[in-house]
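Structure at a glance
Next come the chains, spelled out residue by residue.
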Amino acid sequence: MSDEMHEGCGCEEYNALSRRRFLQTSATITAASMFPAWLPKIALANSYASNRDIIVSIFLRGGADGLVLVAPFGDPAYYAARPTIAIPRPDAATNPGVNLDGFFAFAPAMAGLAPAFAAKDLLVVHGAGIQTNDTRSHFDAQRFMEVGKPADATIFTGWLGRHLASIPPAKPAAPLRAIGVATGLQKTLVAPAGDPYYATHTLPISDPEHFTIGGSSATIAARTGLLQGNFATAEEPLKSAALDAINTVDLLKAVNFNGYKTENSAVYPTSMFGQALRSVAALIKADVGLEAAQVDADSWDMHADTGPLNGSMAQLMRDLSTAVGAFYADVIALGKYNVTVIMMSEFGRSVRENASAGTDHGRGGAMFAIGKGIAGGRVLTKNWKTLDRANLEDGQDVPVGIDYRDVLSEIVQKRLGNPNLDFVFPTWKPTTLGVTR
Amino acid sequence: MSRSSSSTDATETPDATPTARRTFVALGALAAASFIPRTARAQQGRPRKSRPTDRVEPPNVPPQPGVAPGENAAAFAEWDTGGLSRLVRRMTMGMTGADLAQANQMGWNGYLNYQLNYSRIDDSAVENWIAAHYPYLVKPTAELVLINYDDVFDQLRGASMYRAVFSKRQLFQRMVEFWTDHFNQDRNKVESLLVNDQRDVIRKYAMTTFPQLLKASAHSGSMMVYLDQNVSDAKAPNQNYAREIMELHTLGVDGGYTQNDVAELSRVLTGWTVDHDGDFAYNPSLHDTKDKVVLGTTIKGQSGAAGQQEGEAVLDLLVNHPSTARFIATKMLKWMVTPTPTVAQISGIAAVYRATGGDIKAMLRAMLNEQWVSQAPMKLKRPFHYAVSALRSLNPSVTSTKPVDEGLMQLLGHEAYVWDTPDGYPDKIDYWAGSILPRWQCATTLSQFQSSATIAVDTAPYRAGSPAAAVDLIDHNFFGGEMPVTFRTALLSYAGTTTLTDAKVRELLALAISSNAFHWY
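Everything in this summary refers to the structure shown in the same document. (Residues numbered from 1 in each chain as written. Chains lettered and ligands numbered in written order. Predicted model: local features only at pLDDT ≥ 70, side-chain atom pairs only at ≥ 80, totals over all residues. Heavy atoms only, no water.)

1. Some details on the overall build of chain A
Of the regular secondary structure elements, chain A holds 14 helices and twelve strands. Here chain A holds 437 residues, and the buried ones make up 61% of them. For chain A, the share of sequence-separated contacts (at least 6 apart) that also reach a separation of at least 24 residues comes to 73%. Counting only carbon and sulfur atoms, one obtains 52% of the accessible surface of chain A, whose full area is about 15,700 Å². (Helix = DSSP H or I, 4+ residues; strand = E, 2+ residues; numbered from the N terminus. Buried < 20%, exposed > 50% of the residue type's maximum accessible area, 1.4 Å probe, protein only. Contact = heavy atoms within 4.5 Å. Areas by Shrake-Rupley, 256 points an atom, 1.4 Å probe, with all protein chains shown as cover.)

Structure (structure tokens):
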């Protein structure tokens with residue numbers, strides 16, 4: 001690809017980049033073959049908000065049981081369907097749920113998120129999922145959500161990657177616009193091949209504190225410098241990638257992860273997930289131009305012995321809610337940084353518990369959005385009915401009342417300042433739900 | 001530019017024809033400017049014996065370089081001799097000095113024939129090692145399903161890595177990688193069945209004919225499961241396999257089939273499923289016995305065991321379809337020769353497919369001609385190729401490649417058999433180029449291996465002489481003697497003049513693997 005497209009992509013430069021030039025350049029890098037024909041063109045950038053939010057996207061992999069995370073304690077059918085793994089009512093003597101709105105309650109292990117909910121900064125969306133496809137395969141459902149267009153085998157870029165590719169960088173020349181806290185880049189962040197519009201500068205970094213070429217610290221500068229010189233004459237796109245990587249190494253070296261001091265007395269758990277969010281917080285406060293982070297929380301696929309109160313799911317929820325609660329206190333609660341957090345899973349689980357005190361792959365689940373710009377403090381549902389068999393999808397699952405794309409579309413448009421919704425969620429016609437303030 | 005040997009600088013007339021010259025001139029200035037002189041010089045530099053009289057001509061195609069504006073053809077010329085070394089790069093999982101020496105001895109067609117006739121290459125050392133270390137890989141499905149699937153999988157990818165690194169049948173390994181992506185499956189869905197698919201489909205038929213390969217794949221229990229053919233029946237035909245066999249395996253997405261063909265083929269294939277163990281089986285009770293029309297051909301509905309013949313007939317339709325010839329020719333050209341094959345190149349190789357009944361060796365022989373390969377732009381190694389090539393050059397003693405198979409390949413985003421969609425890992429530079437730091441980290445990790453339980457890189461040969469001699473040896477092992485001059489200067493400077501330590505050698509090795517030139521082939 002040409003050098004022009006790697007020039008600083010600040011607003012001024014952007015405005016000079018005419019549509020005609022974009023089309024010409026893209027033709028030479030075979031963008032036509034990389035972009036499915038149906039992908040719409042991107043709008044001009046004049047209207048982009050300058051003080052948009054940073055987004056932290058958390059994927060609960062494995063199909064988290066939404067009826068454990070956020071239990072409909074006001075529905076007797078819930079307790080009938082789950083004789084051994086229901087969350088007790090908020091007025092129960094032991095292990096009471098955390099009352100949210102008189103009908104739904106957090107599992108006790110989700111209490112770490114209660115302050116955000118009480119401050120009306122946390123929105124629960126229940127019965128959320130994929131409306132246009134009823135797959136119950138992890139494999140398919142995760143992919144469908146991450147790419148932002150279900151059941152299309154031709155698309156392998158992610159919705160967040162396309163968001164970054166269709167909006168100018170918040171900080172011109174930022175070497176790291178987005179980070180996937182993972183060893184390999186999550187699909188959510190995969191950008192259109194060749195970054196034909198804006199360079200998305202996205203890297204998978206499992207441990208931002210140790211992001212270097214490795215080896216002896218005594219010689220690392222000399223070796224990195226040698227490579228920098230060596231790649232200065234490399235062919236594109238490798239040259240730009242190499243320079244980006246070296247700039248990111250320098251950038252992360254300058255961030256004080258080790259001595260990072262939280263605000264608001266926040267304490268992150270020492271788990272990998274907790275430390276991942278702590279690193280993201282440090283990056284956000286270092287003000288290096290980070291716009292998006294994708295963090296995964298694994299192992300929610302509990303077909304047996306769910307253990308919502310003291311068992312394995314309780315443990316997972318405690319880690320999740322403590323870590324996200326700490327992030328909320330540290331980064332969001334004081335209103336000093338513009339950040340939105342979203343949490344979702346590929347599907348919810350069957351309403352009735354199975355013979356092994358677990359649940360199987362289902363449909364509608366719980367989704368969360370947190371931020372000062374989120375219309376929180378409530379549980380948003382659509383056509384939520386009691387969990388009697390007749391009301392369930394295929395007689396077994398919570399129906400998907402709200403498509404995940406409706407939640408994300410509003411956040412992309414209102415909080416991330418990107419009007420290119422048909423590029424981020426192709427062919428989806430979003431319904432505004434009032435997710436944002 | 002460094003030459004492998006100055007003694008080859010003979011004064012032979014370049015064999016590029018005037019026609020070829022004119023075509024070069026007609027090229028876009030971008031590609032041509034730095035391209036022509038290098039090619040011409042390289043051709044002058046080859047000894048006579050490397051151009052035997054029986055050289056394979058391009059299949060009746062006017063010479064056209066497979067270079068589009070913006071493609072990176074020029075960079076090749078910065079650091080290679082433009083001749084035989086390019087063929088070795090294309091045909092191996094990483095060119096070492098030994099590979100290049102062997103090719104120089106055999107000449108272009110000698111080396112090509114040597115690798116094409118892979119079954120005549122004695123690979124018993126590698127196969128004996130695999131048999132001793134990975135006994136699960138010869139077991140039938142019924143036994144495999146009883147074994148912890150993570151253990152089975154460790155052996156499968158371990159064998160794949162070991163063969164790619166150490167097998168002398170390097171072109172064969174390249175084709176195994178190619179077909180593995182072409183008939184991609186996700187191990188998370190098919191689990192241990194993948195062993196059979198790799199063994200009895202991909203490796204068995206990788207260099208036979210495409211019809212044989214396609215039919216073997218269509219009779220693979222693993223493929224049935226991966227593309228949901230095993231949950232299809234007459235009442236509710238699942239279209240997944242019917243679609244992908246046309247879109248991804250044979251005709252290509254623009255190959256001229258319709259959604260109606262997908263629906264009809266899904267009915268034809270009802271009954272194609274797996275048995276209790278996961279082996280392929282035909283179950284007549286699931287079959288739709290009514291007539292169908294696929295690609296304009298009426299498939300007479302049949303019941304009982306004969307119902308399977310409907311599907312067999314469609315497989316014949318598919319492998320004999322002109323779109324399949326073009327689709328396979330295009331994809332193989334992109335893999336072996338150039339990311340941007342010309343229309344003429346595609347037509348030429350498709351013609352070979354049609355003339356030979358889809359003979360994979362014949363197609364390879366036709367496309368790996370001196371003209372096309374010498375004019376092709378360089379390609380970025382995908383991470384698997386990159387890691388394998390590093391190991392080939394490091395030539396370590398290996399007890400287990402697990403740290404590479406698992407941690408490093410995850411780091412590089414190219415772990416074996418986990419690409420979830422049926423299109424397989426992309427072979428596109430734009431997909432891979434962004435993730436360069438993991439490659440440098442990988443280079444550091446590989447160079448530091450010194451475990452007798454896994455991988456041990458011996459630095460002694462590099463410490464036997466002066467630092468300059470060590471750089472020469474690196475040049476030989478990692479670049480076939482074609483290390484770019486500027487990098488050599490930088491590496492010599494880094495090496496210094498005092499006796500090299502083990503640690504310093506490992507740093508030099510990591511720098512060599514990290515350097516720009518080592519990422520391309």
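Here the narrative resumes.
2. Thoughts on the overall build of chain B
The secondary structure content of chain B amounts to 29 helices and six strands. Within chain B, contacts between residues at least 6 apart in sequence are counted, and of these 74% link residues at least 24 apart. Carbon and sulfur atoms form 53% of the exposed surface of chain B, whose accessible area is close to 18,600 Å².

3. Comments concerning the side chain of Asn230 of chain A
The topology assignment puts Asn230 of chain A in helix H9 (residues 220–231). For Asn230 of chain A, a relative accessible area of 12% gives the class buried. Leaving out residues up to four positions away in the same chain, Asn230 of chain A has contacts with Phe487, Ser515 and Asn516 of chain B.

4. Quick look at the packing of helix H10 (residues 170–182) of chain B against helix H18 (residues 322–336) of chain B
Relative placement of two packed helices is described by the angle separating their axes and the distance separating the axes. All names here are of chain B. With their axes 11 Å apart at the nearest point, H10 and H18 run at an angle of 125 degrees to one another. Taken together, H10 and H18 sit at an angle that is classed as oblique. Where H10 crosses over H18, the two elements pack in a sense that is right-handed. On H18, the residues touching Leu171, Arg174, Met175, Glu177, Phe178, Trp179 and His182 of H10 are Phe327, Ile328, Lys331, Met332, Trp335 and Met336. (Axes fitted to C-alpha atoms, helices over the stretch in contact; angles between N-to-C directions. Parallel < 35°, antiparallel > 145°, perpendicular 65-115°, else oblique. Left-handed = near helix turned anticlockwise from the far one by under 90°.)

5. Thoughts on the packing of aromatic side chains
All chains considered together, the criterion is met by 25 aromatic pairs over all chains. An angle of 65 degrees between the planes, with centres 5.4 Å apart, marks the rings of Phe231 of chain A and Trp440 of chain B as edge-to-face. Linking Phe231 of chain A in helix H9 with Trp440 of chain B in helix H25 (residues 437–448), this pair reaches from one chain into another. Taking relative accessible area as the criterion, Phe231 of chain A reaches 0% and is therefore assigned buried. A relative accessible area of 0% means that Trp440 of chain B is categorised as buried. Ring geometry for Trp129 of chain B against Tyr162 of chain B: centres 3.6 Å apart, planes inclined by 0 degrees, an arrangement best described as stacked. With Trp129 of chain B in helix H7 (residues 124–133) and Tyr162 of chain B in helix H9 (residues 149–166), this pair connects stretches of sequence that are 33 residues apart. With relative accessibility at 10%, the residue Tyr162 of chain B sits in the buried group. Each member of the aromatic cluster is reached from another via a ring pair, and the members are Phe178, Trp179, Phe183, Phe210, Trp335 and Tyr353 of chain B. (Phe/Tyr/Trp six-rings, centres within 6.5 Å; stacked < 30°, edge-to-face > 60°.)

6. Details of the sheet that holds strand S2 (residues 70–71) of chain A
All names here are of chain A. Within the open sheet, the three strands sit side by side as S2-S4-S3. Their pairing is antiparallel. What marks the edges here is a single partner per strand, and that holds for S2 and strand S3 (98–99). With two bridges connecting them, S3 and strand S4 (residues 105–106) associate as antiparallel partners. Residue pairing for S4: Val98 is matched across the bridge by Phe106. (Pairing = 2+ DSSP bridges.)

7. Some points on the environment of Tyr494 of chain B
As for its placement among the helices and strands, Tyr494 of chain B is situated in helix H28 (residues 485–495). Exposure remark for Tyr494 of chain B: the relative accessible area of 13% places this residue in the buried category. C-alpha separation for the pair Tyr494 of chain B and Phe327 of chain B, spaced 167 residues apart in sequence, amounts to 48 Å. Residues in contact with Tyr494 of chain B, not counting those within four places in the same chain, are Thr219, Ala222, Arg223 and Leu226 of chain A together with Lys504, Glu507, Leu508 and Leu511 of chain B.

8. Details of helix H22 (residues 383–394) of chain B
Residues and elements named next belong to chain B. The end-to-end C-alpha separation of H22 is 16 Å, in line with the 16 Å expected for twelve residues at 1.5 Å each. Most of H22 is tucked away, with twelve of its twelve residues classed as buried. Inspection of H22 places Pro383, Phe384, His385, Tyr386, Ala387, Val388, Ser389, Ala390, Leu391, Arg392, Ser393 and Leu394 among the buried residues, and these make up the whole buried set. Residue Asn395 follows H22 closely and has a positive phi angle near 45 degrees. (Expected span 1.5 Å × (residues − 1).)

9. Focus: the packing of H9 of chain B against helix H23 (residues 402–411) of chain B
Residue and element names in this part refer to chain B. For the pair H9 and H23, the least separation of the axes is 8 Å and the interaxial angle reads 100 degrees. With respect to H23, the element H9 is oriented roughly perpendicular. Facing Asp154, Arg157, Gly158 and Met161 of H9, the residues of H23 in contact are Lys402, Val404, Asp405, Glu406 and Met409. Classifying every residue of the contact of H9 with H23 by side-chain character gives three nonpolar, one polar and five charged. (Nonpolar A, V, L, I, M, F, W, Y, C, P; charged D, E, K, R; others polar.)

10. So, the pairing of strand S1 (residues 54–60) of chain A
All names here are of chain A. Of all the seven residues making up S1, seven are buried; the element is thus mostly covered by neighbouring parts of the structure. Taking every second residue as pointing to the same face, both faces of S1 are buried, with Ile54, Val56, Ile58 and Leu60 on one and Ile55, Ser57 and Phe59 on the other. Summarising the sheet, S1 and strand S9 (residues 339–345) pair through seven bridges and their orientation is parallel. Counted as the bridge partner of Ile58 is Met343 from S9. Bridge count between S1 and strand S8 (residues 292–297): six bridges; the pairing is parallel.

11. Points about the pattern of salt bridges
Residues and elements named next belong to chain A. Following the criterion strictly, the structure yields 44 salt bridges over all chains and no others. We note a salt bridge from Asp394 to Arg136, for which the minimum N-O separation is 2.8 Å. Residue Asp394 is found in the loop between strand S11 (378–380) and strand S12 (402–403), and its partner Arg136 is found in the loop between strand S5 (122–129) and helix H7 (138–147); the two are separated by 258 residues along the sequence. Judged by its relative accessible area of 54%, Asp394 is exposed. (Salt bridge = Lys/Arg side-chain N within 4 Å of Asp/Glu carboxyl O.)

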